[in-house]
Amino acid sequence: MRIRLFKFPATPEAPEQAVLEALQTLIAHGAIAPECLGRIAHGSTVATNALLEGTWGRTALVTTQGFRDVLEIGRQNRPRLYDLHVQRPAAIVPRHLRYEASERVDASGTVVRPLDMDSLQAVAQVLAEGRVEAVAVVFLFSYLSPEHERTARETLERVVDVPVTISSDVLPEFREYERTSTTVVCAALRPVVERYLRALTKGAERLGMAPRWQVMQSSGSVIGAELAEKEPVRILLSGPAAGVQGARMIGESVKMENLITLDMGGTSCDVSLVHQGAISRTSSGSVGGHPVAVRMNDIHTIGAGGGSVAWMDPGGALRVGPKSAGAVPGPACYGRGGEQATVSDAHVVLGHLLPDWPLGGRTAVDVEAARAAVHRLAKGLRLSLEQTALGILQVADASMERAVRLISVERGHDPRTFGLVAFGGAGPLHAASIAARLSIPRVVIPSVAGVLSAAGLLGCKTGREYGQSLVRRIGALGRDEMQSVVKGLLLRGRRELAADGVGENEVRVEISADLRYQGQSHELNIPCPEAGSDLTDATMTAWVDAFHREHRNRYGHASEEEVEVVALRVRMTGPASFQYIDVTTDREEQLRPSCFTHSWFGPDGPVRTCIADRRAVQGGDRVDGPAVLWAPDSTLLIPPGVTATCDALGTMILEIP
Amino acid sequence: MTRSSGCLDAATLEVMRHAIASVAEEMNANLVRTAYSPNIKERRDCSSAIFDLQGQMVAQAESIPVHLGAMPYSVAAAIEAAAPLEEGDVVVVNDPYAGGAHLPDITFVAPVVVAGEVVAYVANRAHHADVGGKEPGSLAGDAEEIYQEGLRIPPVRLWRRGDLCCDLQQLLLANVRTPDERWGDLRAQKAACATGIRRWTELCDQHGVSLLRRAMEEILAYSERRMAQAIAELPDGVAEFEDALDDDGIGQGIVPVRVRIEVYGERIRVDFHGTAHQVAGPINAVYAVTASATFFAVRAFTDPEIPSNAGCYRPIDLVVPKGSVVNALLPAAVVGGNLETSQRIVDVILGALGRLVPERAIAASQGSMNNVALGGIRPHTGTPFTLYETIAGGVGASAAQDGADGVQSHMTNTMNTPVEALETAYPLRVEQYTLRPGTGGKGTHRGGMGIQRDLLCLAPSARASLLTDRRITQPYGMAGGGAGSAGQNILVRNGEEIVLPGKGTVRLQHGDRLSIRTPGGGGYGPPVARSRELSEADAREERT
């Protein structure tokens, strides 16, 4: 398979433009023939941006009587402990668009107050008059008894010509606030994502192509565009998820299944963890302060990137970020008028980024501007220029080290048994020093470090996850009922995957359960110990045993208490398109000749360092630090004492002493 | 990389600060991860910290403010009572009269020994669901002596040179209602100490004991410098403020809390003379609680970004008369001091600071934690249940903005129990959970709205213990803004509404509805100056 990489600037005012321009360019270059294009795998921040910027569709919410403020009260805690001027993100649905319907289901799923159609008609009337683009319906305990929500949807859809999203469809799981928030986010993003994806497909049609559009989900697999339009809540972390997926694939290609991934760009750094080949996932994510309880890759983001600004705080400590110089003016070394010292400028001062080796393949390095910016900071700190630059990198590394500790040590993993996969424009500059701080023995740098997300997208499987809350003791629930819940989920999954072109025989099924001891309020996700969807008594026993074991592993103790099934989950995936990312370099471009310079790696002064074009490094080659390997999309720093080898796919593996 | 003067340079200081803070964070994460009870695991009612040889706190990881700066008193008591501590020793303490806050908060202290010498101490504190006493949950709203509130543990070794002191263990567990759960949590606290010791030893290996010692000193000096600067930015002057608690729960009305604040240069003096004498009911605060509330208020008012450690509090002089409700003496009952009185201490300090710096003044927030403990027998299984909740309310308004509606304020930040989780676990039904329109104090900026939470009793009978305040007094407004509405506790029985007192226990029957209505926040500025836009939004959204 031949892969060619192109990178195009985003067009934030009309995001579909960039994609369509890219397709047009590819056609013009003869890279693709429009009529032969089979599928497009797409990662998009359209949904995320709408949520962060508040440009969602105007939405109404219907709740059980007495609970219209659940969306606003949330879990009643404030985001910042010492903030007297508490500010929570504004509720997506304002209070006057939150309506109540008389109905009630109890904790056993029994209707204790029937749905009063009159109260619903009143709501429908107001909706018909008001100009809303979407409606969400969330009733208490609808995960046990969805009938009231379904009736409400039918009734409202007859009156109002807008999409009605019900919580038992989006997230049939308990905890009303998280379910309400997720359903409302889903409803409010529907108009936005629908407009965007339709503009894309229409635009592609005009270019003479009719590909299958697939969109990356936060959970690391792709779904068809039609499903993405209906449940945009699943594509919120599309971009970062693709990067982690790419990192996992790279890990697979070098036979490492325990990985910490570090994606460092211009303004922020995303870290996540892959354990035994599986990406850590969470159901307690949030975007812009709005909880989104669908399964997503567990990615921790901190404000440390190449453009992060270094500054001296009032107590005299050197700080880095979270403020970023952004793309405009950018770091001082971009030569676009930036005056504040950034992480990139520190690299320039220390001789890691060099004047004749352009950043991102385009931007020439303005050494004088970078030195001037760091110098201004150095004066205040009363340190030398290089000491200040080294300090900036140390502080940035320290905050990333803390982020890695958070996702590894604090969740019971020892980073020394993991490899570090670093990518993004700035990741390879910091990988070796962060690994050294955490005693991580090996660092993996993908050959496409700057565009790993795009590469990761191509290798994603089509897939979906379904869950169903039960919250009942396993003894009372019984095998048969669990079996029928699983069957129901599988049925829905097969139907939806078939619509995405995945054949019945290609579907891979993973069943798991969220289990806990009765009385606990936190659960563990335990995979079903047997493959296949038939639950036997032996399977049930093994499942519970696996829970006791995992509880002991994770928390240091197990219990005699009866086990409660909080939720059953099913993950269904189609086949992967391919396993490894094999990028053949574009040989047409001229390689830069290597040379020597003097670079700083520590306080003892500069050392003679080789600078080379990374594209010249071939499979089997070995590079001893100190060295700088430049590439158009990112620069790899190999400190003294570190040895790097290149494998057949162009992946660099660093051994950290 | 050090400067010739022997001080750490700016970058090393910052790097070491990250390193030290992450040890405290890892201890706390380990505690949450291995704990047994939901109160620690889910509500995260715990904190962990590192102390230097003098017992000065160097770094702390906490998730609720009431633990802020209160642990040093436990550590000091442990060092004093059990010195010299040896490798493998672990001291346990909860006695409010020996460095604790209230009995449910149990603190562990252990030395870090490198090459035969103590180089630092690690400590952690967790709120235990039960430590004995007259009421389940050890939150008796009508206790008159600490002896009724639970088991008092002075600073004693539970592990000696690595060996568990089994006699003591048995004594402790014989005095609590759920010994297995207690032991699970205590073991988690021990494990967290071990994590702290291991990580600190690693740091010593990496950087050397002497660099770490210097780093600790400088981190304290750094926080002190920043706090001194933040105080220096306040105008010099004196201001006084008085507010009150409704009652002590067993008969005494209005309990005044008074503070006099003096800002001079880089220091601030906080003097509680004029505050009521300690009372018979359980709302007395010990010194550590008052210190904690004071640190919270000063830190939040000045610069919350300053890393919390002993240095941060050096510029604060605290004067607290002995035998007062904010510095109670044995044998006063204290469980509510930590919960309710701590909120009022914050109210008076913020009130006084607001008079000194009118442009940063903020009106009072709801000023109660609205503690509800509800226990009884499940109808079908006959097993006992106990639900403990705190309920959010209105936040005070300021010159900048309206107060937030229905959110936890000041000394607590614990989460609610989801309705669907609550009804699955208890024979109760939540009938309403909404904001209370019109409860925020009027003003140019209005106060936040309180909350109404109605619980329907589905058990044949149950007991509800209430420890709430601001049912009589109201959260004050600022700069001409109106007071927030007081809260109300109402029992609806056979369609009839009975107003309940703020503190006390009530017996519930099947079908009774307990309606807790929490206070609103105070308003800021004259109501006539409220913008039309804001007024219209309030009317449209039915908030006023």
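You'll find the structure just up there.
Residues numbered from 1 in each chain as written. Chains lettered and ligands numbered in written order. Predicted model: local features only at pLDDT ≥ 70, side-chain atom pairs only at ≥ 80, totals over all residues. Heavy atoms only, no water.

Some thoughts on the pattern of salt bridges
Part 1 of the reasoning: Applying the stated criterion to the full structure yields 84 salt bridges over all chains.
Part 2 of the reasoning: Note that Glu14 of chain B and Arg17 of chain B form a salt bridge whose closest N and O atoms lie 3.1 Å from each other. Here Arg17 of chain B and Glu14 of chain B lie together in helix α1 (residues 10–34), a separation of three residues that amounts to about one turn. Per residue, the accessibility class of Glu14 of chain B equals that of Arg17 of chain B, and both read buried.
Part 3 of the reasoning: In this structure, the salt-bridge partner of Arg269 of chain B is Asp271 of chain B, at a minimum N-O distance of 3.7 Å.
Part 4 of the reasoning: Taking the relative accessible area as the measure of exposure, Asp271 of chain B reaches 9% and is therefore buried.
Part 5 of the reasoning: Ionic contacts of the salt-bridge type, sharing partners, join the residues Asp69, Glu72, Arg95 and Arg98 of chain A together with Asp402, Asp405, Arg446, Arg530, Asp538, Glu541 and Arg543 of chain B into one network. (Salt bridge = Lys/Arg side-chain N within 4 Å of Asp/Glu carboxyl O. Helix = DSSP H or I, 4+ residues; strand = E, 2+ residues; numbered from the N terminus. Buried < 20%, exposed > 50% of the residue type's maximum accessible area, 1.4 Å probe, protein only.)

Here's the deal with the environment of Leu31 of chain B
Residue and element names in this part refer to chain B.
Part 1 of the reasoning: Mapped onto the fold, Leu31 is located in helix α1.
Part 2 of the reasoning: The exposure class of Leu31 is buried, given its relative accessible area of 0%.
Part 3 of the reasoning: Residues Leu31 and Pro179 lie 148 residues apart in sequence; the distance between their C-alpha atoms is 18 Å.
Part 4 of the reasoning: Other than its neighbours up to four places away in sequence, Leu31 contacts Ile40, Cys46, Ser48, Asn124, Arg125, Ala188, Gln189 and Ala192. (Contact = heavy atoms within 4.5 Å.)

As for the interface of chain B and chain A
Part 1 of the reasoning: Taken residue by residue, the interface counts 78 residues in chain B and 71 residues in chain A.
Part 2 of the reasoning: Buried surface at the junction of chain B and chain A, both sides included, amounts to about 6700 Å², of which 53% is carbon and sulfur.
Part 3 of the reasoning: Applying the counting rule to chain B against chain A returns nine salt bridges.
Part 4 of the reasoning: For the salt bridge of Arg405 of chain A with Glu26 of chain B, the shortest nitrogen-to-oxygen distance reads 3.3 Å.
Part 5 of the reasoning: Joining chain B to chain A, the criterion identifies 36 residue pairs in polar contact (both at pLDDT 80 or more).
Part 6 of the reasoning: Sorting the residues of the side of chain B that touches chain A by element identifies α1, α2 (38–41), α5 (179–207), α6 (209–232), α7 (287–302), α10 (419–425) and β14 (428–435) of chain B as the ones contributing at least two each.
Part 7 of the reasoning: Class assignment for the residues of the side of chain B that touches chain A results in 35 nonpolar, 19 polar and 24 charged. (Buried area = accessible area lost by both parts, 1.4 Å probe. Polar contact = N/O pair within 3.5 Å; in protein donor to acceptor, adjacent residues only side chain to side chain. Nonpolar A, V, L, I, M, F, W, Y, C, P; charged D, E, K, R; others polar.)

Some details on the sheet that holds strand β22 (residues 463–473) of chain A
All names here are of chain A.
Part 1 of the reasoning: With antiparallel pairing, four strands are arranged side by side in an open sheet as β22-β25-β23-β24. Unpaired on one side and paired on the other, β22 and β24 (524–527) mark the two borders of the sheet. Between one strand axis and the next, the sheet turns by 25 degrees as a mean value, whatever way the strands run.
Part 2 of the reasoning: The sheet contact formed by β22 and strand β25 (residues 563–573) spans nine bridges and is antiparallel. Looking at β25, one finds that Arg464 is bridged to Met572.
Part 3 of the reasoning: Together, β22, β23 (508–517) and β25 form the strand contacts of helix α15 (residues 474–499), whose direction differs from that of β22 by roughly 160 degrees.
Part 4 of the reasoning: Across the sheet, helix α16 (residues 537–555) touches β23, β24 and β25, and the angle it forms with β24 is around 135 degrees. (Pairing = 2+ DSSP bridges. Axes fitted to C-alpha atoms, helices over the stretch in contact; angles between N-to-C directions.)

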